[in-house]
Amino acid sequence: MTVSPAGLEAPSRKSKLLDQFKMRKGLFVMLLIGMTWYLIFQFYPMVKVYWAFTNIGQVPPSKVSFIGFANFIKLFKVAQFRRSLWNTFYISFLKILIGFPIPIIFSLLLNEMRISFLKRGIQTVIYVPHFLSWVVVGAIWYIMLAPINSPNAQVAALLGKRPVFWWAADRYIRGLLVATDIWRNAGYGTIIYLASIMSIDPTLYEAAIMDGANRWQQTWHITLAGLKSVIVILFILRVGKILNLFKQVFVLTTPIVRGPSDVLMTYAYRTGIQQMQIGYAMAVSLFKAVVGLSLVLITNWLAKKIKEEGVF
Amino acid sequence: MKETRGQKIFNVFNYLIMGLFALTMIVPILYILQLTFSGDPNLDFRLIPKKITLYNYKFVIKQGLLLRPLLNSIYLSVTGTFFSLTLTSVLAYPLADKQLPGRRFFNFLVVLTIMINLGFLPKYLLVRDLRLMNTYWSLILVGGINSFNLILLRNYFQSIPEELFDSARIDGASEMKILISIVLPLSFPILATIFLFYFVAFWNEYFNVILYITDHTKYTLQVILRSMIILEEDMGASFADTTLLDNIKYTTVIVALVPILALYPFLQRYFTKGIMLGSVKG
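About the cut-offs
Residues numbered from 1 in each chain as written. Chains lettered and ligands numbered in written order. Predicted model: local features only at pLDDT ≥ 70, side-chain atom pairs only at ≥ 80, totals over all residues. Heavy atoms only, no water. Helix = DSSP H or I, 4+ residues; strand = E, 2+ residues; numbered from the N terminus. Buried < 20%, exposed > 50% of the residue type's maximum accessible area, 1.4 Å probe, protein only. Areas by Shrake-Rupley, 256 points an atom, 1.4 Å probe, with all protein chains shown as cover. Lys, Arg positive; Asp, Glu negative; His and termini not counted. Charge placed at Lys NZ, Arg CZ, Asp CG, Glu CD. Patch = residues over 30% accessible without salt bridge, like charges linked within 9 Å, V, L, I, M, F, W, Y side chains within 5 Å. Salt bridge = Lys/Arg side-chain N within 4 Å of Asp/Glu carboxyl O. Phe/Tyr/Trp six-rings, centres within 6.5 Å; stacked < 30°, edge-to-face > 60°. Lys NZ or Arg CZ within 6 Å of the ring centre and 35° of its normal. Core = buried A, V, L, I, M, F, W, Y, C linked by side-chain atoms within 4.5 Å. Contact = heavy atoms within 4.5 Å. Axes fitted to C-alpha atoms, helices over the stretch in contact; angles between N-to-C directions. Parallel < 35°, antiparallel > 145°, perpendicular 65-115°, else oblique. Left-handed = near helix turned anticlockwise from the far one by under 90°.

A.B. asks: Talk me through the overall build of chain A; I want residue IDs and the actual numbers.
C.D. replies: Within chain A, the secondary structure is distributed over 15 helices and 0 strands. The C-alpha extent of chain A, read off along each of the three principal axes, is 80 × 70 × 35 Å. Counting over 312 residues, chain A shows a buried share of 52%. Roughly 15,700 Å² of accessible area belongs to chain A as shown, and the carbon and sulfur atoms make up 69% of that amount.

What follows is the structure, given as structure tokens:
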């Protein structure tokens, strides 16, 4: 926008706006339709958040009143809430620790492949699972790992052991959540990194070869260096989503393994939808949203520090 | 260029590791696929059934348990996808217009909904208040716009040179007409991407279905599938022979998979372009 003397700007801008409105009515109608959807289905529900400060669901409807932060104070006294908070962070931490580097390594490995039909073939199949729903992923791995009459039982018999009912075992459920997450999403991540590798200037490699760099040095100094900003951004996005851990856990776990797998939002589902303690469950949701937003803002700020530009 | 010994060893390991990884992705799917063509009650691991039979599929069709959920899933996915695609295009167009007053503000609102995630509870209360419980409209409306898809589409629209519609505007074409006859045809690859994203999302929807739908006749395939396999419910169909129920289970997995696999080649073609356009910088 050009800077003009203050006195002249106001009226001309206003009339310009009006002209534009008349000329391009359709544009504003479209904006109105779309933003109405946002208003009703995104912003209006947010208003309901004030219920977190009431005792809705704990008392008869006629006696509902504001109780301040009582729900939030109660949260931290409830062992199940503390457990779900811990589980959320712990499972997310495991997923990042084990799952985050895998696509990076695999994209580098895939990039080293010279036999093109094998490379293309592998590229084609590795992200099939990404488009499957958690229900289908769960169904596949429940069938594979069933305790009797299954490939799982077959392997156990070969090893001379009693088959394990993996999905019903407290000790294994977190590991299974991490493993199925990798199974479903690692291929997709690999493709994203691979696409970024493709956009690295090929003359850099030519120059490096002239300088006598071997393949390992090329990978380290050019490919990985070229991926650095994408890695940082994806890492930040990933950390910002830590608390969103929900649908996978909801679909893949049963009450038998609730102890080690109950996360914040499955806890909110149980208290809010099944027990109808809506005020209390809203407090859980609000807590999750506030901590989640802080994580996003902090990580995004860090990204800006690191690379001068944020993700949003 | 001649390869050194070390490179050769590396290559062998590389193909081995990546090959194994790729096999892990598809072998479980192939295993279940072969189960649906096998009449064998022994479920040991194999990729080709001892004897290929269509009995399971015939049984499932005759028994009819899957028909209703399948039709429900198709109805929801098709209607939802077209609704979402229309609504997303209608909003992406003004948001891409550089002359729109308040454009930055509206775009900020969109990003805000990505950053503030209150989960399912507020939307559940809204659906209840709007009396949309037990209707597919609850799912279609709530899933109306995915902000990531909206941003993808908006970015693509922005990259179309404005001169292309200036002349149409001078000729007095309405904005809707410009969107339909100029912008959308130029945006085919990104529209295809978003179409596929929405379709896959609706087809795979599970949680909102059980949240908003309590009428069992309206359940979709995903709901039936989880009930049968993960929760191990017998779906009211009591079979004396459990292998019959097992047959239905495996067949359901495949039926839920097939549309995704059928779309997969298209997903591949447009998807990498799509994510490259939008994933890194929103």
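Right, picking up where we left off after that structure.
A.B. asks: Tell me about the overall build of chain B, and please be specific about residues and values.
C.D. replies: Counting secondary structure elements, chain B contains 13 helices and 0 strands. Each of the three principal axes of chain B carries a C-alpha extent, and together these read 70 × 70 × 35 Å. A total of about 13,300 Å² of accessible surface is found on chain B, and carbon and sulfur atoms cover 66% of it. Positive and negative charge centroids in chain B, built from 24 and 17 side chains respectively, lie 5 Å apart.

A.B. asks: Give a description of a nonpolar patch on the surface that names residues and reports values.
C.D. replies: Together, L30, L33, F45, L47, I48 and I52 of chain B make up a nonpolar patch on the protein surface, roughly 540 Å² of accessible area in all. With respect to the secondary-structure elements, I52 of chain B resides in the loop between helix 1 (5-36) and helix 2 (55-63).

A.B. asks: Tell me about the packing of aromatic side chains, and please be specific about residues and values.
C.D. replies: For the structure on display, the rule yields 39 aromatic pairs over all chains. Measuring from centroid to centroid gives 5.7 Å for F69 of chain A and F72 of chain A, while their planes differ by 50°, and the two rings are tilted. Take F72 of chain A: its relative accessible area is 14%, and that puts it in the buried class. On the basis of an interplanar angle of 20° and a centroid distance of 5.2 Å, the ring pair of W86 of chain A and Y90 of chain A is categorised as stacked. With W86 of chain A and Y90 of chain A both in helix 4 (residues 79-99) and 4 residues apart, the pair spans about one turn of that helix. Feature note: the residues F246, F250 and Y269 of chain A together with F120, Y206 and F207 of chain B constitute an aromatic cluster, connected by ring pairs. Positioned above the aromatic ring of Y280 of chain A, the side-chain terminus of K74 of chain A is 4.4 Å from the ring centre. Over the aromatic face of F250 of chain A sits the side chain of R226 of chain B, whose NZ or CZ is 5.6 Å from the ring centroid.

A.B. asks: Outline the environment of I191 of chain A, supporting the account with residue identities and numerical values.
C.D. replies: In this fold, I191 of chain A is placed in helix 9 (residues 170-198). Considering only alpha carbons, one finds I191 of chain A and V29 of chain A, 162 residues apart in sequence, at a separation of 39 Å.

A.B. asks: Tell me about the nonpolar core, residues and numbers included.
C.D. replies: As a rule of thumb, soluble globular proteins bury nonpolar side chains together. Membership of the largest hydrophobic core comes to 188 residues, with the highest contact counts inside it found for Y38, F81, L132 and I140 of chain A together with F120, F157 and V253 of chain B. With 13 residues, the single largest contributor to this core is helix 13 (residues 242-278) of chain B. Excluding its chain neighbours within four sequence positions, the residues that come into contact with L132 of chain A are V137, I140, W183 and R184 of chain A together with I29, N204, L257 and I260 of chain B.

A.B. asks: Can you break down the packing of helix 2 (residues 25-47) of chain A against helix 4 (residues 103-115) of chain B residue by residue, with the values?
C.D. replies: For the pair helix 2 of chain A and helix 4 of chain B, interaxial distance at closest approach is 11 Å and the crossing angle is 30°. Classified by the angle between their axes, helix 2 of chain A and helix 4 of chain B sit roughly parallel to one another. Relative to helix 4 of chain B, helix 2 of chain A is oriented so that their crossing is left-handed. Packed against helix 2 of chain A, whose contacting residues are L31, M35, Y38, Q42 and F43 of chain A, the element helix 4 of chain B presents F106, L109, V110, L112 and T113 of chain B at the interface.

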